[in-house]
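# A structural walkthrough
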Amino acid sequence: MARCIFHIDLDAFFVSVEQVLNPKLKGKPVIVGGDPERRGVVASASYEARRLGIHAGMPLSGARHLCPQATFIRANFSRYRDASTKFMEILADFSPQIEPLGLDEAYLDVTGCEEPYGSPEKLALAIKERIHKELKLTASVGIATCKVVAKIASELCKPDGLLEVAPGGEQDFLNPLPVAKLPGVGKKTEQALKRMDISTIGELASVPLDVVREQFGAIGIVIHSYAKGIDDRRVEAPGEPKSISKQITFAKDSLDRRLLEANLRWVCQEVGEELRCRNKRAKCVAIRLRYADFKTITRQLTLKEASDGNQVIFTTALQLLNKALAQQRKPIRLIGVRISNLVGKEKQLHMFNSNIEKLEHLNGAIELIRRKYGPTAIKMGKDIT
Ligand code: TTP
Ligand code: MG
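Below or above, wherever it landed, is the structure these notes cover. All figures in this text were calculated on a predicted structure; none of them were measured in a lab.

Moving on to the packing of aromatic side chains. Tallying each qualifying case throughout the model produces six aromatic pairs. With a centroid separation of 5.7 Å and an interplanar angle of 55°, the aromatic rings of Phe13 and Phe14 are classed as tilted. An identical accessibility class is assigned to Phe13 and Phe14; each is buried. A connected cluster of aromatic rings, assembled from ring pairs, spans Phe13, Phe14, Phe77 and Tyr80. Lying across the ring of Tyr47, Arg50 places its NZ or CZ 4.1 Å from the centre. Geometry around Phe72 places Arg64 over its ring, the cationic atom sitting 4.4 Å from the centre.

It is worth spelling out the coordination of the magnesium ion (ligand 2) at this point. For the magnesium ion (ligand 2), the protein coordination sphere consists of Asp9 (OD), Leu10 (O) and Asp104 (OD), at 2.0 to 2.2 Å. Considering all six donor atoms around the magnesium ion (ligand 2), angles at the metal cover 76 to 179° and the coordination shape is octahedral. All donors of the magnesium ion (ligand 2) come from a single chain, and their spacing in sequence reads D-L-x93-D. Here the residue Asp9 occupies a position in strand E1 (residues 5-10), and Asp104 occupies one in the loop between strand E5 (98-101) and strand E6 (105-109), the gap between them amounting to 95 residues. Relative accessible area serves as the criterion here: at 12%, Asp9 is assigned to the buried category.

The next subject is the site of ligand 1. The full set close to ligand 1 counts 13 residues, and Ala12, Phe13, Ser44, Tyr47 and Arg50 are the nearest of them. For ligand 1, an oxygen atom lies 2.9 Å from a polar atom in the side chain of Ser44. Between an oxygen atom of ligand 1 and a side-chain N or O atom of Lys158, the distance comes to 3.0 Å. Within the shell around ligand 1, the residues separate by chemical class into seven nonpolar, one polar and five charged.

The rules behind these values
Residues numbered from 1 in each chain as written. Chains lettered and ligands numbered in written order. Predicted model: local features only at pLDDT ≥ 70, side-chain atom pairs only at ≥ 80, totals over all residues. Heavy atoms only, no water. Phe/Tyr/Trp six-rings, centres within 6.5 Å; stacked < 30°, edge-to-face > 60°. Buried < 20%, exposed > 50% of the residue type's maximum accessible area, 1.4 Å probe, protein only. Lys NZ or Arg CZ within 6 Å of the ring centre and 35° of its normal. Donors = N, O, S within 2.8 Å, 3.2 Å for Na, K, Ca; no water. Tetrahedral: all angles 85-135°; square planar, octahedral: opposite > 155°, others 65-115°. Helix = DSSP H or I, 4+ residues; strand = E, 2+ residues; numbered from the N terminus. Near = heavy atom within 4 Å. Polar contact = N/O pair within 3.5 Å; in protein donor to acceptor, adjacent residues only side chain to side chain. Nonpolar A, V, L, I, M, F, W, Y, C, P; charged D, E, K, R; others polar.

If you want it as structure tokens, here you go:
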């Protein structure tokens, strides 16, 4: 299913906060920055000031020169932080998947959240309305199936805009835009692309990947895929773990399969429990083995469907262990499991596999018992520890 991603950015943020406090400044050239008499730079300029060529990062003296009648205000960060906190709280009411970027912008994954509103556009309007009603600020919203397209869309529709790029329309939307609109394309890359006769995103997308990779290396692969409107990055709250892992070192190096299996089961239970506490499922299961000679290997498998079930994690890890043991029979001193590629908890119903549901109920019950009576109160079978 195509994702529905919003990129939301407040318009002329610092300036707008000042205008809310002093409405007389609305509709006028206003600049927030350091002290204009000293060597400060413009942090935020009202759209009226931008029309005169003033932009963020420009020295305040230059801004004063371009527009002597503008109102210059010294930045007051505690005001902006307060407004930012309220802004993020409003967004969190509309989707649990929110990724703030700085003070005044955020990505929101609203896949499925739009249903009660009728359409993504109506949901975006509801968000804009809340922001306007509660903060008296305007926001611009880009809607697309991925982050990069949503971000470019919000930038293009500023101020107080809303621009939706329909699923499948990404390439047509991006084609005519200058390459500099792509995140990752800075001044140097833009110049280098120009020397290759590439100035639009469409031109970049039509160059073979090998050519771009040869020229720019890893970043070339990224910007080439962005140019094609492909961006798999998830909307993730900062600080959320990218993986959960647990390992155990044996008192004595061992090749005893029953001991290895039992310990593998235990570490899988541990990561599974944390995964469910975090309301996540994992798509990737990896095992880590350290041999007696300290050589360490990692083997991993991607699941067909993300899971939070102990059994799924354990059987996958066991499969990896069996394969590793078949390849190398050296005593093991450490065994570990790592689950990654974590996704949200929402999932399809297991219509054809009630066993999975039963096992999940069982996991839940076991966890309740362990929490109430301690971790050793109950264990899954075959455990010999
Ligand atoms: P932006 O969102 O880039 O700018 P903006 O909100 O003022 O204008 P718009 O989004 O409508 O284009 O940045 C948010 C705030 O971050 C901005 O109000 C002030 C601060 N900022 C700086 O302090 N220095 C800078 O160079 C930039 C770009 C922003
Ligand atoms: Mg902004």
